[in-house]
Amino acid sequence: MQKAILSRELSLLFLAPALVFVAVFLLYPFFSIFQMSFTNQTLVGANAVNPQHVGLQNYLDLFNTRDWMRRGEMGHSLWLTAQFVVGSALIGQAGLGLSIAVAFHHRRGLLREAVYTLAIAAWIIPDVVVAFAWFAYLDPNGTLNQILRAVGLQPLDWLFDYPMLSIILFNTWRGTAFSMLLFSSALASIPPSYMETADVIGASPWQKFRDILLPLLRGYIATDLILITLWTFNTFTPFLLTGGGPTYRSNVIAIHTYNVGLRFFEFGKASAIAVIVMLINLLLASIYLFISRRQQRQTA
Amino acid sequence: MKSKLHCFLMLMCLLVFVLSSAAHAQEAVEIKIGGVSGVEVRWLNEMVKPGFEAMMAEAGTPVTVTVVEFSGSGEDLRQQYVLDLGAGTGADVMSFDGFWLPEFAEGGLLKPLTEVVGERVLEWEGWSVIPEGIQAIMSYNGQLFGIPRGTDARVIWYRTDLFEQAGLPTNWQPTSWEELLDAARTIKSALPGVTPLQLNAGTAMGEASTLQGYIMALLGAGHHVYDFEAKKWIVSSPAILATLELFEIIYNTEGLGEVRWQLVRNGRDLSFEAFSKGQVAMLVEGDFLWRGPLAPGTGNFAMPNRNEVVTFALMPAREPGAGYLGQDFVSASGGTGFVLNANSANPELAWELMTYMFSKESLDALQQLQPRIRARLDVEVPNDPVMSRIASEVLPLSTIRPQLPEYNQVSAQIQLMTERIVSGEMTPMEAMQAYDAAVTQIVGEDNVIRIPLDK
């Protein structure tokens, strides 16, 4: 084994600031949330002053089979979140990001610059500005419906009748730039000779994508999916667009947690939801990490 | 080089000295008033602030009054207050809705005036001209937490111009739900494009759904949300079912109301706007609608011709005599005011400011901007026959919400129950059963009663 440059004591000393930081801002809040999830702590009413331990009651209520899939309850919320993650992160952002990156692979020109600039602009504009713009865009008398009317199509009440579709489109538009940039820099690292050889032997574009690009991108795809799944799972921005409604039809889990904790101020119950969300995140992250480690071992 | 450094240090010292002495000279204490909106902001900035600052400067205790405007909904304001007070901060004087008080007091977020300022608050001249029933708006468990602005009442506002076009009388007064619905049906068939009747429901409108929607209808069906004698919440009854069926008729089976406004976030404003433009014929709302959003000149949806085309009818019971306490007509009242923040660094001065705001002179000045029923009996309602009628005809019929810490949670369930009807998610019976289960979980099985449904 290689000998360490620093002594054990010295390396701990260098690590100490980071460890203290993690302990104070990560571990402590985690444990206090965990602890609070077994109480009926609120911020208003008598339980704010004298919270009691309620054991597993908060968890039992969340998984109450009678109504946990009802609109506005956690199960329903998790189901919407799953649709949101699959729709906007996996299919939307990763799919669209990959398509744009591959389409403009080894290409230069105005179109590429325009597409990249727009995608990045959508990514870097502040949430509130973006949400306001989309609110105006999707309004019954908004820009999108004016476009639809202009081309002779029926206008739709997007945020009212299709709230999930609206926030999925919104989040795809919002976050595609990250996947696009990640995949284009990954593609740039593939030696041009691979593709040139494929051209010489007459491979079709699909064959080149499937047999050359995809295998080489696999590690990057895993990284991308981990990050955007976790971000999308926890994103709160749709709140600015729909507030989780109408009638809780876009009540994704981040909005649900917010409503329970910071609208109804039921800290105990909200903490229990937060613990469950945390566990789901850990599970998702470990699945992806497991897959990408296995692939690294295979390629090594 | 050294002298340059020396010079620089000297300059810095001088600068610090000048800055600190400037801060010393400006020793006026800042008192903040939070949560206010509309014409009150104007009143506070143009009348209260200069008057109070001049008075205090003369007395040798200079203060600066800062008015912090709030433009969100009542729910947003309550949320802001819980977080501010929970974190030990917030404005010194806060505009406050009376029905929030029990849970804030129980949660230790607000303290009685006598505790924050001292017994001397009881010596204020204003208390003698504010009836005890009105003082109760800003009281909990017999202790005063603030000074009430006044009370209000809820009625059916309607547009006489639309009624005339539809061939309905312009001095209309329904005596039953059926007559109310008949008028709505007439408008629906006579005036396409006009929404006949809006009775608030749903979670997006918050307390507006509970008080001017559900409770207004429920009182007409025979009881309140709470049985004040048995001290229990009524969670299942023929009256609740009848109320939910009324929502079902208005929004689903007959399409007399606009569903969208009840479910989207800015729905209440959309309904006000539509009413002001003559696109809604009847709106069940508080007198706030008249003196706030529709007020000529000052409202967000100002109607220059408000006095000519808007008037009100009393909310009828389901059948004559079938209403709450056997009444023919019903109404519900709330009340707001200002509380003193227990976290205030200068509670004495904040109290001085509150008494200045609620002096007869200040309130008379406010009446010029927005006439309404004020808490003080010695402040008259100038020249607004509609507001005078609210005081003389509607208030005597009106009832208030239970002042209990659980109320807000129950109210949230009421909003959800009505939303489930309006959105078509549940039938009235299913929604009532879900409400029963949820409220029982909040207040406990010992604190609920169920009135059997007659088959």
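Quick summary incoming for the structure in this document. (Residues numbered from 1 in each chain as written. Chains lettered and ligands numbered in written order. Predicted model: local features only at pLDDT ≥ 70, side-chain atom pairs only at ≥ 80, totals over all residues. Heavy atoms only, no water.)

Notes on the interface of chain B and chain A
Quick reminder of the rule: What makes two residues a contact is simply this: any of their non-hydrogen atoms within 4.5 Å. For any pair of parts, buried area is found by adding up, for both, the accessible area (1.4 Å probe) each one loses once the two are put together. A carboxyl oxygen of Asp or Glu within 4 Å of a side-chain nitrogen of Lys or Arg is what we treat as a salt bridge.
If you look at the interface, chain B gives 28 residues, while chain A gives 27 residues. At the boundary of chain B with chain A, total buried surface from both sides reaches about 2,200 Å², with 56% on carbon and sulfur atoms. When the buried surface of chain B facing chain A is broken down by residue, Gln79, Arg260 and Arg265 of chain B rank first, second and third, together holding 25% of it. There are one salt bridge connecting chain B and chain A. Asp157 of chain A serves as the salt-bridge partner of Arg260 of chain B, at 2.4 Å between the closest nitrogen and oxygen.

Things to note about the sheet that holds strand 2 (residues 63–69) of chain B
Working definition: the strands of a sheet are paired by backbone hydrogen bonds and lie parallel or antiparallel to each other. Residue and element names in this part refer to chain B. Let me state the cut-off plainly: Strands are labelled as partners when DSSP assigns at least two bridges between them. Helix and strand definitions follow DSSP, with helices as H or I runs of at least four residues and strands as E runs of at least two, each counted in order from the N terminus. All axes here are fitted lines through C-alpha atoms, helices being fitted over the stretch that makes contact, and every angle between N-to-C directions spans 0 to 180 degrees.
Pairing is mixed in the open sheet, where five strands are placed in the order 2-1-3-15-6. The sheet terminates laterally at strand 2 and strand 6 (146–151), the two strands that pair on one side only. Taking each pair of neighbouring strands and ignoring which way they run, the sheet shows an average axis angle of 20°. On the sheet, helix 3 (residues 74–86) packs against strand 1 (29–36) and strand 3 (93–97) and is oriented at approximately 135° with respect to strand 3. Packed onto the sheet, helix 15 (residues 347–357) meets strand 1, strand 2, strand 3, strand 6 and strand 15 (335–340) and runs at close to 150° relative to strand 15.

A closer look at the environment of Gly444 of chain B
Which entries qualify depends on this criterion: For each residue, the accessible area found with a 1.4 Å probe, counting protein chains only, is set against the maximum for its type, and the residue is called buried under 20%, exposed over 50%, and partly exposed in between.
Within the element layout of this structure, Gly444 of chain B appears in the loop between helix 19 (428–443) and strand 17 (448–450). The class of Gly444 of chain B is partly exposed, set by a relative accessible area of 24%.

Some details on the packing of aromatic side chains
Short version of the rule: Pairing of aromatic rings covers Phe, Tyr and Trp, the last through its six-membered ring, and needs centres within 6.5 Å; plane angles under 30 degrees mean stacked, over 60 mean edge-to-face, and all others mean tilted. A positively charged side chain is recorded as over a ring if its NZ (Lys) or CZ (Arg) lies within 6 Å of the ring centre. The angle to the ring normal must also be within 35 degrees.
The tally for this structure, following the rule as stated, stands at 35 aromatic pairs over all chains. Seen from their ring centres, Phe21 of chain A and Phe25 of chain A are 4.9 Å apart, and the 45° between their planes marks the pair as tilted. Of this pair, Phe21 of chain A and Phe25 of chain A both sit in helix 1 (residues 8–36), four residues apart, which is roughly one turn of that helix. Like Phe25 of chain A, Phe21 of chain A is exposed. Relative to Tyr137 of chain A, the ring of Trp134 of chain A lies with its centre 5.4 Å away and its plane at 70°, an arrangement referred to as edge-to-face. One end of the pair, Trp134 of chain A, and the other, Tyr137 of chain A, are both in helix 6 (residues 127–138), three residues apart, so they sit about a helical turn from each other. An aromatic cluster is defined as three or more aromatic residues linked by ring pairs; in this entry it consists of Tyr81, Phe96, Phe99, Trp100, Phe104 and Tyr407 of chain B. When the ring centre of Phe239 of chain A is taken as reference, the NZ or CZ atom of Arg265 of chain B above it lies at 5.3 Å.

Observations regarding the environment of Arg318 of chain B
Residue and element names in this part refer to chain B. Mapped onto the elements, Arg318 comes out in the loop between strand 13 (315–316) and strand 14 (329–333). Judged by its relative accessible area of 38%, Arg318 falls in the partly exposed class. Separated by 138 residues in sequence, Arg318 and Leu180 place their C-alpha atoms 9.5 Å apart. Not counting chain neighbours up to four residues away, the residues in contact with Arg318 comprise Ser176, Trp177, Gly220, Ala221 and Ala242.

Let's talk about the packing of helix 4 (residues 74–103) of chain A against helix 9 (residues 163–188) of chain A
Residue and element names in this part refer to chain A. What counts here: For classification purposes, an angle smaller than 35 degrees is called roughly parallel, one larger than 145 roughly antiparallel, one from 65 to 115 roughly perpendicular, and anything else oblique. A clockwise turn of the near helix away from the far one marks a right-handed crossing, whereas an anticlockwise turn of less than a right angle marks a left-handed crossing. Here the nonpolar group is Ala, Val, Leu, Ile, Met, Phe, Trp, Tyr, Cys and Pro; Asp, Glu, Lys and Arg are the charged ones; every other residue, Gly included, is treated as polar.
Relative orientation of the contacting elements helix 4 and helix 9 amounts to 40°, with a least axis distance of 6 Å. One way to sum up the angle between helix 4 and helix 9 is to call them oblique. Seen along the crossing, helix 4 lies across helix 9 with a hand that is right-handed. Split into classes, the residues belonging to the contact of helix 4 with helix 9 amount to 14 nonpolar, twelve polar and no charged.

Remarks on the sheet that holds strand 9 (residues 226–227) of chain B
All names here are of chain B. If you trace the three strands from one edge of the open sheet to the other, you get 9-10-17, paired in mixed fashion. Strand pairing shows two members of the sheet lacking a second neighbour, strand 9 and strand 17, which therefore form its edges. Pairing analysis gives two bridges linking strand 9 to strand 10 (residues 232–236), with the strands arranged antiparallel. Within the sheet, the bridge partner assigned to Tyr226 lies in strand 10 and is Trp233.

Quick look at a nonpolar patch on the surface
All names here are of chain A. Convention followed: Patch members must show over 30% relative accessible area and no salt bridge, and they are joined within 9 Å when carrying like charges or within 5 Å when they are nonpolar side chains of Val, Leu, Ile, Met, Phe, Trp or Tyr. Every accessible area reported is derived by Shrake-Rupley at a probe size of 1.4 Å, with residue values counting cover from the shown protein chains alone.
The grouping of Ile5, Leu6, Leu10, Leu13 and Phe14 at the surface amounts to a nonpolar patch, some 580 Å² of accessible area in total. Take Phe14: it is sitting in helix 1. Here Phe14 falls in the exposed class, since its relative accessible area comes to 58%.

What to know about the nonpolar core
Selection criterion: Definition of nonpolar core: a set of buried residues of the types Ala, Val, Leu, Ile, Met, Phe, Trp, Tyr and Cys, connected through side-chain atoms within 4.5 Å.
Residues Phe104, Tyr214, Trp233, Met282 and Trp351 of chain B are the most contacted members of the largest nonpolar core, which totals 127 residues. Sorting elements by how many residues they give to this core places helix 10 (residues 238–253) of chain B first, with nine residues. Once residues within four sequence positions are removed from consideration, Phe104 of chain B is found in contact with Val44 of chain A together with Arg78, Tyr81, Val82, Leu85, Phe96, Leu109 and Leu110 of chain B. By size, the runner-up hydrophobic cluster in this structure holds 41 residues, among which are Tyr116, Ala177, Leu182 and Ala272 of chain A.

Looking at the pattern of salt bridges
All names here are of chain B. This model, assessed by the stated rule, comprises 28 salt bridges over all chains. Two residues, Glu103 and Arg78, come together in a salt bridge whose shortest N-O distance is 2.8 Å. Taken as a pair, Glu103 in helix 4 (residues 101–106) and Arg78 in helix 3 lie far apart in primary sequence, 25 residues in all. When its relative accessible area of 4% is taken as the criterion, Glu103 is described as buried. Judged by its relative accessible area of 10%, Arg78 is buried. As a salt-bridge pair, Arg376 and Glu125 come within 2.9 Å of each other at their nearest N and O atoms. In this pair, Arg376 is assigned in the loop between helix 16 (360–369) and helix 17 (385–394) and Glu125 in the loop between helix 5 (113–116) and helix 6 (132–135), connecting sequence segments 251 residues apart. What emerges from the salt-bridge pattern is a single network uniting Glu178, Asp182, Arg185 and Glu254.

With respect to the pairing of strand 15 of chain B
Residues and elements named next belong to chain B. The element strand 15 is extensively covered by neighbouring structure, given that six of its six residues are classed as buried. Neither face of strand 15 is open: one carries Gly335, Gly337 and Val339, the other Thr336, Phe338 and Leu340, and all of them are buried. Sheet topology note: the strand 3/strand 15 ladder contains five bridges and is antiparallel. Paired with Asp97 across the strands is Thr336, a residue of strand 15. Pairing of strand 6 with strand 15 involves five bridges; the strand directions are antiparallel. By the bridge assignment for strand 15, Thr151 is matched with Gly335.

Things to note about unusual backbone geometry
The backbone of Phe265 of chain A shows a phi angle near 55°, a positive value even though the residue is not glycine. Within the fold, Phe265 of chain A resides in the loop between helix 13 (253–263) and helix 14 (267–299). By relative accessible area, which is 0% here, Phe265 of chain A ends up buried. Of note in the backbone geometry, Lys231 of chain B takes a positive phi value of approximately 55° without being a glycine. Of note, Lys231 of chain B is situated in the loop between strand 9 and strand 10. You can call Lys231 of chain B exposed: its relative accessible area is 56%.

Some points on the environment of Gly75 of chain A
Residue position: Gly75 of chain A is located in helix 4. Non-local contacts of Gly75 of chain A, meaning those with residues more than four positions away in its chain, are made with Trp68 and Met69 of chain A.

Concerning the packing of helix 10 of chain B against helix 19 of chain B
Residues and elements named next belong to chain B. Contact geometry of helix 10 with helix 19 gives a least axis separation of 9 Å together with a crossing angle of 130°. On the basis of their axis angle, the class for helix 10 and helix 19 is oblique. Crossing hand, helix 10 versus helix 19: right-handed. Two secondary-structure elements touch here, helix 10 through Ile240, Leu241, Leu244, Glu245 and Glu248 and helix 19 through Pro428, Met429, Ala431, Met432 and Tyr435. Split by residue class, the contact of helix 10 with helix 19 holds eight nonpolar, no polar and two charged.

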